[in-house]
Amino acid sequence: MTQPQAASDEPGGGAGSEAGPVPPARIRRTVTAPTELVWRAFTDPNALAAWFWPRRLAPRVTADARKGGRYRIVGAASRSMTTAVGGEYLRVDEPTLLEFTWCREGAEETATVTVRLATCDDGTELDVEHAGCVDEEDRQAQERGWRDCLERLPEWLHVAQRAG
C-alpha cells in the first residue's frame, strides 16, 4: 500500500507519475446551510449514509471522526457485488477541517482527502481536495465522483434543516 500524499494548495501537490506530479482533484461550492450542519453531513455515519452515495447502492457507513479514528462506506453495486471505501482520519478540527485517507477496498493506492468548511454570507463554503491521484485519468475520475456525491448534499442539508 502506498503512503498517503499530503494535501497541497500548490499545483502538482498530488502523487507523481511518469509525466510529472498530478494535481489534486478539487471541488469548491457554497451550500446554504450552517457550517455545523455541513460538518455533521461529513462526520455522522447516518448522515453520510443518507447522501454520500446513491440510495440504489443502499450505503452503510461506520465512522469514528476523531484523529486516528476510522471510517468505512459500503454499497451494494449489485446483488453479488459490493463496493467499499475506507480510511483513517488524520486531522479533525471541528467544524472547519477534516482530513482522511481514502482507499477503495482491493486497491493498493491510498489518497488523502481534505474537506475545508468556512462560514460565509450564503451559508458555508465547501472545499474538497482529493490528493494522491495516480494519473490524470484517476484525477478526473475522482473529480467526477466527488461532484456526483456533492450533488446529493444540498437535498440532505435541506431536509436536515427542516427537521431541526
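Residues numbered from 1 in each chain as written. Predicted model: local features only at pLDDT ≥ 70, side-chain atom pairs only at ≥ 80, totals over all residues. Heavy atoms only, no water.

Draft legend 1. Geometry of the nonpolar core. With 35 residues, the main nonpolar core has Phe42 and Trp51 as its most contacted residues. The element contributing the most residues to this core is helix H3 (residues 136–163), with seven residues. Apart from residues lying up to four places away in sequence, Phe42 is in contact with Leu48, Trp51, Tyr89, Leu98, Val115, Leu126, Val128, Trp146, Leu150 and Leu153. (Core = buried A, V, L, I, M, F, W, Y, C linked by side-chain atoms within 4.5 Å. Buried < 20%, exposed > 50% of the residue type's maximum accessible area, 1.4 Å probe, protein only. Helix = DSSP H or I, 4+ residues; strand = E, 2+ residues; numbered from the N terminus. Contact = heavy atoms within 4.5 Å.)

Draft legend 2. Examining the side chain of His130 more closely. With respect to the helices and strands, His130 occurs in strand E7 (residues 123–131). Those residues in contact with His130 that sit more than four places away from it in its chain are Pro24, Ala25, Trp102, Ala111, Thr112, Val113, Gln142 and Trp146.

Draft legend 3. Main features of the pairing of strand E5 (residues 97–104). Most of E5 sits inside the fold, with seven of its eight residues counted as buried. The sheet contact formed by E5 and strand E6 (residues 111–120) spans six bridges and is antiparallel. Pairing of Phe100 across the sheet is with Val113, part of E6. With antiparallel pairing between neighbouring strands as the criterion, E5 and E6 make up a hairpin whose turn holds six residues, including Gly106 at a positive phi of roughly 95°. (Pairing = 2+ DSSP bridges.)

Draft legend 4. Broad picture of helix H1 (residues 35–43). Counted residue by residue, H1 has seven buried out of nine residues, so it is predominantly covered. For H1, every residue scored as buried is listed here: Thr35, Leu37, Val38, Trp39, Ala41, Phe42 and Thr43.

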